Each structure stands twice: as C-alpha cells, then as structure tokens.
Amino acid sequence: MDALKNHYDTLGVARDASADEIRKAYRRLARKYHPDVSKEADAQSRMRDINEAHEVLGDAARRAEYDALAERIRQGRATGGTGAGFAPPPGWDDGFSFFRQGSGDAGAGTMPPDLEDIFSGLFGDAAAAGRRPGRQAGEDRHSAIEIPLEFALSGGERELQLRTVERDARGLAQPVTRTLQVRVPPSVRPGQQIRLAGQGLPGIGGAPAGDLYLEVRIAPHPLYRVEGRDLAMDLPVTPSEAALGAEVEVPLPGGGTGQVRVPPGARTGMKLRLKGRGLGGDLYLVLAIAAPPADSPAARAAYEQLARATAGFDPRKDLGVHSRQAAPSA
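Not measured: the values here are computed from a predicted model.

Asker: Please set out helix H2 (residues 19–33) residue by residue, giving values where relevant.
Answerer: The end-to-end C-alpha distance of H2 is 21 Å, a good match for the 21 Å that 15 residues give at a rise of 1.5 Å each. Buried residues of H2: Ile22, Ala25, Tyr26, Leu29, Ala30 and Tyr33, and no others. One side of H2 holds all its buried residues, which, seen down the axis, span an arc of 130°. Opposite the packed face of H2, turned more than 90 degrees from it, sit the exposed residues Lys24 and Arg31.

Asker: I'd love a proper account of the sheet that holds strand E5 (residues 212–218), names of residues and values included.
Answerer: Spatial ordering of the open sheet is given by E1-E5-E4, a layout of 3 strands whose pairing is mixed. The open sheet has two edge strands with one neighbour each: strand E1 (141–147) and strand E4 (193–196). Pairs of neighbouring strands in the sheet enclose a mean axial angle of 30°, with direction left out of account. As defined by bridge partners, E1 adjoins E5 across 7 bridges and the pair is classed as parallel. Pairing of Ala144 across the sheet is with Glu215, part of E5.

Asker: Give a description of helix H3 (residues 43–57) that names residues and reports values.
Answerer: In a regular helix each residue adds 1.5 Å, so 15 residues correspond to 21 Å; H3 covers 21 Å between its end C-alpha atoms and thus fits that length. Every buried residue of H3 is accounted for by Ala43, Met47, Ile50, Asn51, Glu52, Ala53, Glu55, Val56 and Leu57.

Asker: Provide a residue-level description of the packing of H2 against H3, including the pertinent values.
Answerer: Direction vectors running N to C along H2 and H3 enclose 165°, while the axes themselves pass 10 Å from each other. For the element pair H2 / H3, the angle class is roughly antiparallel. Regarding H2 and H3, the two cross each other, and that crossing is left-handed. Residues Ile22, Tyr26, Leu29, Ala30 and Tyr33 of H2 touch H3, and the partners they reach there are Ala43, Arg46, Met47, Ile50, Asn51, His54 and Leu57. For the contact of H2 with H3, the residue count by class is 9 nonpolar, 2 polar and 1 charged.

Asker: For the pairing of E5, give the residues involved together with the corresponding values.
Answerer: With 5 of 7 residues buried, E5 is to be regarded as a mostly interior element. Pairing geometry for E4 and E5, over 4 bridges, is antiparallel. Note on E5: the bridge partner recorded for Ile194 is Leu214.

Asker: So what about the pattern of salt bridges? Which residues, and what values?
Answerer: Across all of its chains, the model carries 11 salt bridges by this definition. In this structure, Lys24 engages Asp20 in a salt bridge whose closest nitrogen and oxygen atoms are separated by 3.2 Å. With Lys24 and Asp20 both in helix H2, this residue pair falls 4 residues apart, about one helical turn. We classify Asp20 as partly exposed; its relative accessible area is 32%. A salt bridge links Arg183 to Glu157, with the shortest nitrogen-to-oxygen separation between them at 3.0 Å. Of this pair, Arg183 sits in strand E3 (residues 173–184) while Glu157 sits in strand E2 (residues 156–167), and the two are 26 residues apart along the sequence.

Asker: Residue-level account of the nonpolar core, with values.
Answerer: In terms of nonpolar packing, the biggest core is built from 37 residues, with Ile147, Val182, Leu214, Leu235, Val250, Val260 and Leu285 touching the most fellow members. Within the second largest apolar cluster, 16 residues are counted, among which are Tyr8, Ala17, Ile50 and Val56.

Asker: Break down the packing of aromatic side chains for me, with residues and values.
Answerer: Counting across every chain of the model gives 1 aromatic pair. Between Tyr8 and Tyr66, the aromatic rings sit 6.1 Å apart at their centres with planes inclined by 45°, giving tilted as the arrangement. Taken together, the positions of Tyr8 in helix H1 (residues 7–11) and Tyr66 in helix H4 (residues 60–78) put the pair 58 residues apart, joining distant regions of the chain. As far as burial versus exposure is concerned, Tyr8 and Tyr66 are alike and both buried. Against the face of Phe151 rests Arg158, its NZ or CZ located 5.3 Å from the ring centre.

Asker: Quick rundown of the sheet that holds strand E10 (residues 271–274)? Include the residues and the values.
Answerer: Spatially, 4 strands are ordered E6-E7-E11-E10 in an open sheet, and the strand pairing comes out mixed. The open sheet has two free edges, formed respectively by strand E6 (225–227) and E10, since each of these has just one partner strand. Mean inter-strand twist for the sheet, computed between neighbouring axes without regard to direction, equals 35°. Alignment of E10 against strand E11 (residues 283–289), held across 4 bridges, turns out to be antiparallel. Looking across to E11, one finds that Lys271 is bridged to Val286.

Asker: Explain the side chain of Arg217 residue by residue, including any values.
Answerer: Mapped onto the fold, Arg217 is located in strand E5. No salt bridge is formed by the buried Arg217; the nearest opposite charge belongs to Glu55, separated by 4.2 Å. Setting aside chain neighbours within four positions, we find Arg217 in contact with Glu55, Arg62, Ala144, Ile145, Glu146 and Ile147.

Asker: Got a sec to walk through the pairing of strand E9 (residues 257–262)? Specific residues and values, please.
Answerer: Going residue by residue along E9, you find Gly258, Val260 and Val262 tucked away on one face and Thr257, Gln259 and Arg261 left uncovered on the opposite face. Pairing of strand E8 (residues 246–251) with E9, which is carried by 6 bridges, proceeds in the antiparallel orientation. Residue pairing across strands places Val248 opposite Val260, the latter belonging to E9. As consecutive antiparallel partners, E8 and E9 are separated by 5 residues, and within that stretch Gly254 has a phi angle of approximately 90°, a positive value.

About the cut-offs
Residues numbered from 1 in each chain as written. Predicted model: local features only at pLDDT ≥ 70, side-chain atom pairs only at ≥ 80, totals over all residues. Heavy atoms only, no water. Helix = DSSP H or I, 4+ residues; strand = E, 2+ residues; numbered from the N terminus. Expected span 1.5 Å × (residues − 1). Buried < 20%, exposed > 50% of the residue type's maximum accessible area, 1.4 Å probe, protein only. Arc of directions from axis to C-beta. Pairing = 2+ DSSP bridges. Axes fitted to C-alpha atoms, helices over the stretch in contact; angles between N-to-C directions. Parallel < 35°, antiparallel > 145°, perpendicular 65-115°, else oblique. Left-handed = near helix turned anticlockwise from the far one by under 90°. Contact = heavy atoms within 4.5 Å. Nonpolar A, V, L, I, M, F, W, Y, C, P; charged D, E, K, R; others polar. Salt bridge = Lys/Arg side-chain N within 4 Å of Asp/Glu carboxyl O. Core = buried A, V, L, I, M, F, W, Y, C linked by side-chain atoms within 4.5 Å. Phe/Tyr/Trp six-rings, centres within 6.5 Å; stacked < 30°, edge-to-face > 60°. Lys NZ or Arg CZ within 6 Å of the ring centre and 35° of its normal. Lys, Arg positive; Asp, Glu negative; His and termini not counted.

This is the structure:
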C-alpha cells in the first residue's frame with residue numbers, strides 16, 4: 001500500500017471497517033481538524049487528507065476500486081512482479097474510475113504492459129477504449145466538490161483545480177492540472193450535481209469532449225448539521241430558561257445573530273423552528289438543558305431550595321421506580 005496513500009491509516013480505521021465506522025471516524029477527525037475550529041498547526045493539510053480519504057472510502061464503488069488496486073500492488077510486490085513500486089495514474093484518486101489513453105500509431109499513446117494488465121483487470125476494457133481508431137466522443141467524468149456551509153448558503157464562483165488529461169500536438173493524452181471556475185447556486189444541497197459542459201475526457205478524431213459532473217458535498221460545521229434542505233443546531237438553555245421561558249440569542253447560518261423565544265416548560269429535545277434559515281428549508285434549534293454546577297455555596301443553596309420546593313416531582317415515575325433525593329440541608 002506504500003505506493004498508494006493509505007486512506008485507512010488517515011482515518012484510523014481497519015481495512016474491514018464498516019461504512020458506519022468510516023463515517024464516524026470522518027466526523028470525529030473533521031471536528032478536530034476543521035480549520036475554522038482547530039488550533040493544530042497542520043489542520044488545513046490534515047483536513048485535506050481526511051476529506052480525500054473519506055471521498056474514496058465513503059463511497060462503496062470507489063472503495064472497491066481502491067482495495068482492488070491495492071491488492072494488485074501487494075500481489076505484484078510479493079511475487080517480485082511489476083506491481084512493486086507501481087504508482088497509479090494521476091487523477092484516479094480524484095473520483096474518476098479509470099484513465100484513458102489516446103489513439104495513434106501502433107505503440108503510440110499506449111499503457112505499459114504492467115499498467116494495462118492492472119487496469120484491464122480492474123475496469124474491463126474501458127481503459128483501452130481510447131486506443132480504438134476513428135471518431136469517438138469523450139466520456140463524462142464524475143467527481144466531488146466540498147464547500148463550506150457558508151458558501152453553500154450564499155453561492156457564487158469557486159476555483160477548482162482538477163487533474164485531468166489533454167492531447168498534445170502528437171495526439172497523445174498527457175496528464176495536466178487545470179483550473180476551472182465553478183458557479184455554485186445559492187442554497188445548494190449535498191448530493192446535488194453541477195454540470196460543466198465539455199470539461200470531461202477529450203474526444204477522439206475531432207469528436208466533442210464529455211461533461212464533468214461535480215457532486216456537491218458540504219464540509220462538517222462546528223455548529224450546524226445538514227439534514228436535507230434543513231439545518232439543525234443544538235441550543236443549550238439553563239433550567240430556569242426552560243422552566244420559565246426566555247428570549248435567547250442564537251447565531252444564524254451565514255452570519256449574524258437572532259432572537260428566539262423558548263416557551264415555558266421546555267424540555268430537552270424540543271425543536272424550535274426558524275423559517276427559511278436552512279438550505280432552502282428551515283433551521284431547527286434542538287433544546288438541551290444545561291444544569292449549572294453546584295460549585296459555590298450560593299449555587300448549592302439555590303439547588304437545595306429548589307429541591308425543597310419541588311419535593312413532589314419524580315422524574316423517574318414512568319420507569320416504575322421512586323426517586324431517593326438526598327435530604328436538603330436545614
């Protein structure tokens with residue numbers, strides 16, 4: 001696996017990890033290394049590696065391709081064959097399933113035999129399709145673009161660097177890095193696709209190029225969770241705010257703050273809705289009662305007074321057991 005980036009090591013999961021384990025590992029690392037909240041010096045580069053690993057291992061088809069390629073490399077190394085030291089073609093790990101070479105005279109623009117064997121075994125005849133003579137339209141390409149939540153809300157243009165192939169003056173396909181401007185519509189949602197016409201693989205014999213389809217992914221945010229068109233955020237409130245009701249200030253997606261009314265008798269898990277504050281949907285505030293610590297004489301006295309005033313309240317009555325509160329001080 002040393003010829004490939006070891007995405008399993010990057011996420012800290014085993015090779016047989018389940019999809020749920022991979023998703024949880026990604027979310028845990030994203031919370032730690034997201035540049036908006038992390039104080040780690042290498043947070044940006046670590047987050048880039050984490051996103052790359054998740055793009056491959058989080059997609060069942062791409063993970064299967066990655067595992068198959070890694071296994072071919074290991075087998076070649078074990079037998080002393082050409083798999084040892086093999087480095088995959090540029091762009092395979094950017095979300096594209098295969099690498100297609102150009103057409104021309106015999107032997108021109110063809111893969112070395114060892115690479116051709118590996119790719120034909122993984123992807124069938126698709127890798128050799130570009131060597132067929134005649135006119136042939138370029139194939140579409142599929143990749144992913146990850147954007148911050150704030151950018152998903154507002155939309156706009158974003159610069160994207162893409163590893164792809166172009167034909168040189170001799171008609172041979174060469175790996176290049178291209179810079180594209182991508183227009184992202186406002187309130188774009190995860191899973192939506194942005195089509196860039198003519199930005200796929202080049203055609204053969206003057207045929208048009210294919211298109212590039214970018215699947216939108218939204219980077220994990222320290223406050224908000226994306227739930228389809230809606231956003232959700234945990235909102236801590238004090239016991240008194242929950243019991244008596246209160247006006248509390250909350251941060252709003254995209255910047256700024258707003259006021260929300262917590263009704264009297266609010267409970268943990270209750271949802272408050274701010275209409276139109278999501279990705280074309282709403283923002284839901286999920287209440288969570290946060291109890292102040294009894295770390296001072298005044299706070300302890302207040303809790304003891306509350307215990308006396310609510311001595312008849314039993315939060316566990318529905319469980320078939322009875323509360324046994326410590327007797328408050330006199």
